[in-house]
Amino acid sequence: MEVKWGPVLLLLLLVEVAGAAGGYVRPLPRKALSFPSSLKPSSHPQQVHISLAGDKHIRVTWVTNDNSPSIVEYGTSPSKYIYSSSGESTSYRYLLYSSGKIHHAVIGPLDYDTAYFYRCGGEGPEFHLKTPPSKFPITFSVAGDLGQTGWTRSTLGHIDQCTYDIHLLPGDLSYADYVQRRWDTFGELVEPLASTRPWMVTQGNHEKEGLLLFEDSFKSYNSRWKMPYQESGSKSNLYYSFEAAGAHVIMLGSYTDYDENSDQYAWLQIDLSKVDRERTPWLIVLFHAPWYNSNKAHQGECDDMKAAMEPLLFAAGVDVVFAGHVHAYERSERVYNGDSDPCGAIHITIGDGGNREGLAREYFKPQPKWSIFREASFGHGEFTIINSTHSFWSWHRNDDDEPVMSDSVWITSLFSSGCLKKRPHLLRNHTARST
């Protein structure tokens, strides 16, 4: 029997190349999830999630299909609700779609690092949550561009396995893309996690959903995912800040005005000027579209925002910036104005939560000097701030159905590095030039 060596040699060559590249073969894409129609009673709380709402307070959000009261009963023991708080409700129409009743109720004051049990609307199942600690250490889970696919479910499962206090999501939540029922199914999908730990989110391009002359942008997002913008002095749900333990976290909007004459820019200046690095030595920023990106996807889309706001963030001494949008992972070294800078921020792109559009696999070569690690795989990150001087970042690739730590780094805060000694002067200069 004659052996045809051509195909065999080609196969061996491909195996050898794959081995030389590191031996990792990415799993195949997974389909969008399907959700059966809910058979729950109309008064049954659905899509329950929580978010921080100022010091020692948490906002509970849920949806019902009737006019149930916007009340949350809660306590520190199962089924023993010694406190209650009333809130508000809203609803919206989007073309032919009508949302359920969306309830928001703020509970507190709550003790730090404490488990609470709660019930929404006076009936239905009991939920539980844990409040963040008042001091270090504190752990944030991070994943953007989630969507609703099999890989999304895998990512959420991996996040559920880690011990964390707050989840950070830098935009692109449901990938509803005008199909409003997908907002409902996304709420159902994340409820097991989002009802137990605060989810702090900002908007991405898939949250816009504006239709000229018909529908305003961000109608669905703003109705369903209310963040503490009023508590942080912002005029818009699209940008805000919060504090947890010794971290000041700023959530910015890539898809609302950000130039030096914008409300967002003015708010950012004020917010940064109030940061006390003795009390919150770590300064973290999130937005959707990355400023430092060596992937071929979405190149240059946020250059204008970077030009306007990066000097402000540099002057304030931001430690780490998280972004999404690019469906891959990348970590930079400390960088500013396009070059490595020991007093700049570390930029991490983590738009790899599992979205249906797939991975962005093509990178520019050679790899820029500021780019330390990059890989087109789905996954999530864990950011643990140990104390005022050190934190540990790790990125966990979705390897089939097991989380594999594929990148990690110890980070020294700018607060402890000496970089901030001249920063108050820089920040005052930027504030003076724009007023």
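Residues numbered from 1 in each chain as written. Predicted model: local features only at pLDDT ≥ 70, side-chain atom pairs only at ≥ 80, totals over all residues. Heavy atoms only, no water.

**Digging into the sheet that holds strand β2 (residues 58-64)**
The antiparallel open sheet is built from 4 strands, whose spatial order is β1-β2-β8-β5. With one partner strand each, in any of the chains shown, β1 (46-52) and β5 (88-90) form the two edges of the open sheet. Strand-to-strand twist across the sheet, computed as the mean angle between neighbouring axes with direction ignored, equals 20 degrees. (Pairing = 2+ DSSP bridges. Helix = DSSP H or I, 4+ residues; strand = E, 2+ residues; numbered from the N terminus. Axes fitted to C-alpha atoms, helices over the stretch in contact; angles between N-to-C directions.)

**Things to note about the packing of helix α5 (residues 263-273) against helix α6 (residues 303-316)**
For the pair α5 and α6, the least separation of the axes is 11 Å and the interaxial angle reads 5 degrees. Viewed along their axes, α5 and α6 adopt a mutual orientation that is roughly parallel. Taken together, the residues of α6 that come into contact with α5 (itself represented by Gln264, Tyr265, Leu268, Gln269 and Leu272) are Ala308, Met309, Leu312, Leu313 and Ala316. By residue class, the composition of the contact of α5 with α6 is 8 nonpolar, 2 polar and no charged. (Parallel < 35°, antiparallel > 145°, perpendicular 65-115°, else oblique. Contact = heavy atoms within 4.5 Å. Nonpolar A, V, L, I, M, F, W, Y, C, P; charged D, E, K, R; others polar.)

**Quick notes on the sheet that holds strand β11 (residues 138-142)**
Pairing within the open sheet is mixed, and its 6 strands lie in the order β13-β12-β11-β22-β23-β24. In this open sheet, the two strands that pair with only one neighbour each are β13 (199-201) and β24 (402-412). The mean angle between the axes of side-by-side strands here comes to 20 degrees, regardless of whether they run parallel or antiparallel. For strand β12 (residues 166-169) and β13, the ladder comprises 3 bridges, and the chain directions are parallel. The residue bridging Leu168 from the neighbouring strand is Met200, located in β13.

**Examining the confidence of the model for the protein chain**
Per-chain confidence: the protein chain averages 90 in pLDDT, with 87% of residues scoring 70 or above. Throughout residues 1-25 the model reports pLDDT below 50, and contacts reaching past four residues in sequence, or to other chains, amount to 6 contacts. (pLDDT = per-residue confidence, 0-100.)

**Details of the packing of helix α2 (residues 150-161) against helix α3 (residues 181-194)**
It is the contact of α2 with α3, at a shortest axis distance of 10 Å, that shows an interaxial angle of 10 degrees. With respect to their mutual orientation, α2 and α3 come out roughly parallel. On α3, the residues touching Thr152, Arg153, Leu156, Ile159 and Asp160 of α2 are Leu189, Val190 and Leu193. Residues of the contact of α2 with α3, tallied by class, amount to 5 nonpolar, 1 polar and 2 charged.

**Quick look at the pattern of salt bridges**
With the rule as written, the count across this model stands at 16 salt bridges. Across the salt bridge formed by Arg356 and Asp177, the nearest N and O atoms sit 2.1 Å from each other. Placement of the pair is Arg356 in the loop between β20 (345-350) and β21 (371-375) and Asp177 in the loop between β12 and α3, with a sequence separation of 179 residues. We classify Arg356 as partly exposed; its relative accessible area is 42%. Among the residues examined, Asp177 registers a relative accessible area of 19% and is labelled buried. The salt bridge partner of Arg224 is Asp184, with a shortest N-O separation of 3.1 Å. With Arg224 in helix α4 (residues 219-224) and Asp184 in helix α3, this residue pair connects regions lying 40 residues apart in the sequence. Residues Arg224 and Asp184 agree in their burial class; the two are buried. (Salt bridge = Lys/Arg side-chain N within 4 Å of Asp/Glu carboxyl O. Buried < 20%, exposed > 50% of the residue type's maximum accessible area, 1.4 Å probe, protein only.)

**Quick look at empty space enclosed by the protein**
With the rule as written, the count across this model stands at 3 cavities of 30 Å³ or more. Lining the largest cavity are 15 residues, with Glu310, Leu313, Phe314, Ala345 and His347 positioned closest to its centre. Looking at the lining of the largest cavity, the elements with two or more residues in it are α6, β18 (329-336) and β20. The element that contributes the greatest number of residues to the lining of the largest cavity is α6, accounting for 3 residues. Taken together, the residues of the lining of the largest cavity break down into 10 nonpolar, 3 polar and 2 charged. Computed from the structure, the second largest cavity encloses a volume of approximately 50 Å³. (1 Å grid on protein atoms, 1.4 Å probe; cavity = no way out; pocket = protein on both sides within 12 Å on 5 of 7 lines; lining within 4 Å. Points joined across faces, edges and corners; volume = space filled by probe spheres on them.)

**Considering the state of the cysteines**
Summed over the entire model, instances satisfying the criterion amount to 1 disulfide. The side chain of Cys343 participates in a disulfide bridge whose partner is Cys419; the two sulfur atoms lie 2.0 Å from each other. In this structure, the disulfide formed by Cys343 and Cys419 twists by about -75 degrees around the S-S bond and is classed as left-handed. Pair noted here: Cys343 is in the loop between β19 (339-340) and β20 and Cys419 is in the loop between β24 and α7 (423-433), with a separation of 76 residues, a long-range link. (Disulfide = S-S within 2.5 Å.)

**Considerations on the layout of surface pockets**
For the largest pocket, the calculated volume is near 700 Å³. Lining of the largest pocket is provided by 34 residues; of these, Gly54, Asp55, Ser241, Phe242 and Glu243 occupy positions nearest its centre. Secondary-structure elements contributing two or more residues to the lining of the largest pocket are β14 (240-244) and α5. Broken down by element, the residue count for the lining of the largest pocket peaks at 5 residues, all from α5. Class assignment of the residues belonging to the lining of the largest pocket gives a composition of 16 nonpolar, 8 polar and 10 charged.

**A word on the packing of aromatic side chains**
Following the criterion strictly, the structure yields 19 aromatic pairs and no others. Ring centres 6.0 Å apart and planes at 35 degrees place the aromatic pair Trp151 and Phe378 in the tilted group. Placement of the pair is Trp151 in helix α2 and Phe378 in the loop between β21 and β22 (379-385), with a sequence separation of 227 residues. Note on accessibility: Trp151 and Phe378 belong to one class, buried. An aromatic cluster is defined as three or more aromatic residues linked by ring pairs; in this entry it consists of Trp282, Phe322, Phe383 and Trp393. (Phe/Tyr/Trp six-rings, centres within 6.5 Å; stacked < 30°, edge-to-face > 60°.)

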